[in-house]
Amino acid sequence: MTDIAWIKERPIAHRGYHDLNRTRCENTLSAFAAAIERGFAIECDVRLSADGVPVVVHDDDLKRLTGTEAYVWQRSAAELTAMRIGGTADRMPALTEMLSLVGGRVPLVIELKGVPGHDAGLVAKVAAELRTYSGKAAIMSFDHWLVRDFPRDAEGIAAGLTAWGGNTQQVEAHFSMLGNGISFVSYDVARIDNPFVRFVRERLAMPVISWTIRDKEAVERSRLHADQMTFEGFDPDRDLAS
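Here the structure is a predicted model, which means the values were calculated and not measured.

Definitions and limits used
- Per chain, residues are indexed from 1 in the order of the written sequence.
- Selection of residues for local features in this predicted model requires a pLDDT of at least 70, selection of side-chain atom pairs for listing and counting requires 80 or more, and totals for whole chains, interfaces and linings are taken over all residues.
- The side-chain numbers reported here are obtained from all heavy atoms of the structure, hydrogens and water having been left aside.
- Only C-alpha atoms enter the line fits that serve as axes; for helices the fit covers just the stretch in contact. Angles between N-to-C directions range over 0 to 180 degrees.
- Here a helix means four or more residues in a row that DSSP labels H or I, a strand means two or more in a row labelled E, and each is numbered from the N terminus.
- Oblique is the label for every angle not falling under 35 degrees (roughly parallel), over 145 degrees (roughly antiparallel), or within 65 to 115 degrees (roughly perpendicular).
- Throughout, a contact is declared for two residues whenever any of their heavy atoms are within 4.5 Å.
- Put simply, Ala, Val, Leu, Ile, Met, Phe, Trp, Tyr, Cys and Pro go in the nonpolar bin, Asp, Glu, Lys and Arg in the charged bin, and everything else, Gly too, in the polar bin.
- In what follows, salt bridge is the name for a side-chain nitrogen of Lys or Arg lying within 4 Å of a carboxyl oxygen of Asp or Glu.
- The buried label applies to any residue whose accessible area, calculated with a 1.4 Å probe on protein chains only, is under 20% of its type's maximum; exposed applies above 50%, and partly exposed to all values in between.
- Whether two strands pair comes down to DSSP finding at least two bridges between them.
- With the strands aimed away from the viewer, a crossover counts as right-handed if its path from the first strand over the helix to the second runs clockwise.
- Joining through side-chain atoms within 4.5 Å is the link that ties buried Ala, Val, Leu, Ile, Met, Phe, Trp, Tyr and Cys residues into a set, and such a set is a nonpolar core.
- Between the rings of Phe, Tyr and Trp (Trp by its six-membered ring), a pair exists once the centres lie within 6.5 Å; its type follows the angle of the planes, with under 30 degrees stacked, over 60 edge-to-face, and the other angles tilted.

(A) Molecular detail of the packing of helix α8 (residues 168-176) against helix α9 (residues 195-202). At a minimum axis separation of 9 Å, α8 and α9 run at an interaxial angle of 30°. Considered as vectors, α8 and α9 are oriented roughly parallel to each other. Where α8 approaches α9, its residues Val171, His174 and Phe175 are matched on the opposing element by Pro195, Phe196 and Phe199. For the contact of α8 with α9, the residue count by class is five nonpolar, one polar and no charged.

Take a look at the structure:
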């Protein structure tokens, strides 16, 4: 298991330290710079462009953030990185731009988001960029088909399972992913009190981070059941200081 103890050290800014997309949008260089300034770790999302370049964006549909009627996998990296995000001056960054900006100053937790039939090779492409990156970084995914690629395509890179839900079928599916070399889990705070999370923390001594923390009630739930939180909409250092 790859060392991932650093993931517990600082709160993790969900899609960077944005302001809920009012003037500083999610997954932009401005949001990442703001997280770096405050010393927060950064969570971000990565997809593949039509020409196989990792770009930093959450949705597969470009409409919400760019107004474009298309999917990420239908546009080249050049087209995507020219798109303005949320009407701001920020444009969609390629992963290489994001890594260059961060430069190891804060840890990174990169969620890989794939569309079956369009994103083959996503794990290998991201891993190739991280192998030349000197900072602390980990990958994770909801997509079990991508998690299964981790041992082959991202050997030596800290990798985790992103997960949610609490019913028996969902929890059993999460257990089935433990054989793929993961070293941490990122779990939905609303259902984080479950047998899978307890097993990985107590029996495997594996770190668990929570998502997405937006209020004090979620903070308290995260403190009970996770080792660190992924937050947005507030400043943990300032707003939880009391």
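(B) Highlighting the pattern of salt bridges. What the rule picks out here adds up to 17 salt bridges. When the shortest N-O distance is used, the salt bridge between Glu220 and Arg223 registers 2.9 Å. Remark: Arg223 and Glu220 occur in helix α10 (residues 216-225); sequence separation between them is three residues, near one turn of the helix. By sharing partners, the salt bridges in this structure join Arg15, Glu26, Asp45, Asp59 and Arg64 into a single network.

(C) Representation of the pairing of strand β4 (residues 108-112). With five of five residues buried, β4 is to be regarded as a mostly interior element. Of the two faces of β4, both are covered, the one formed by Leu108, Ile110 and Leu112 as well as the one formed by Val109 and Glu111. Here four bridges tie β4 to strand β5 (residues 137-141), and the two strands are oriented parallel to one another. Pairing of Leu108 across the sheet is with Ala137, part of β5. As for the winding sense of the linkage, the β-α-β connection from β4 through helix α5 (residues 122-130) to β5 is right-handed.

(D) Structural detail: the nonpolar core. In this structure, Ile42, Leu108, Ile110, Leu112, Leu130 and Ile139 are the most contacted members of the largest nonpolar core, which totals 56 residues. Excluding residues that lie within four positions of it along the chain, Ile110 makes contacts with Cys44, Val46, Leu95, Leu130, Ala138, Ile139 and Met140.

(E) Representation of helix α1 (residues 29-38) in the model. Listed in full, the buried residues belonging to α1 are Ala31, Phe32, Ala34, Ala35 and Ile36. On its buried face, α1 sits against β1 (12-14), β2 (41-48), β3 (54-56) and α4 (95-102). Just beyond α1, the residue with positive phi is Gly39, at close to 75°.

(F) The side chain of Thr28, seen in detail. For Thr28, the location among the structural elements is in the loop between β1 and α1. Contacts of Thr28, omitting those with residues within four sequence positions, involve Ile85 and Asp90.

(G) Quick peek at the packing of aromatic side chains. Under the definition given, this model contains nine aromatic pairs. With centroids separated by 5.5 Å and ring planes inclined at 85°, the aromatic side chains of Phe142 and Trp211 adopt a geometry described as edge-to-face. Residue Phe142 is found in the loop between β5 and α6 (144-147), and its partner Trp211 is found in strand β8 (residues 208-213); the two are separated by 69 residues along the sequence. Taking 5.5 Å as the distance between ring centres and 55° as the angle between the ring planes, the aromatic pair formed by Phe231 and Phe234 counts as tilted. A residue is classified by how much of its surface remains accessible, and Phe231, at 1% relative accessible area, is buried. By relative accessible area, Phe234 is classed as buried at 11%. What links up through ring pairs into an aromatic cluster is the set Tyr17, Phe40, Phe231 and Phe234.

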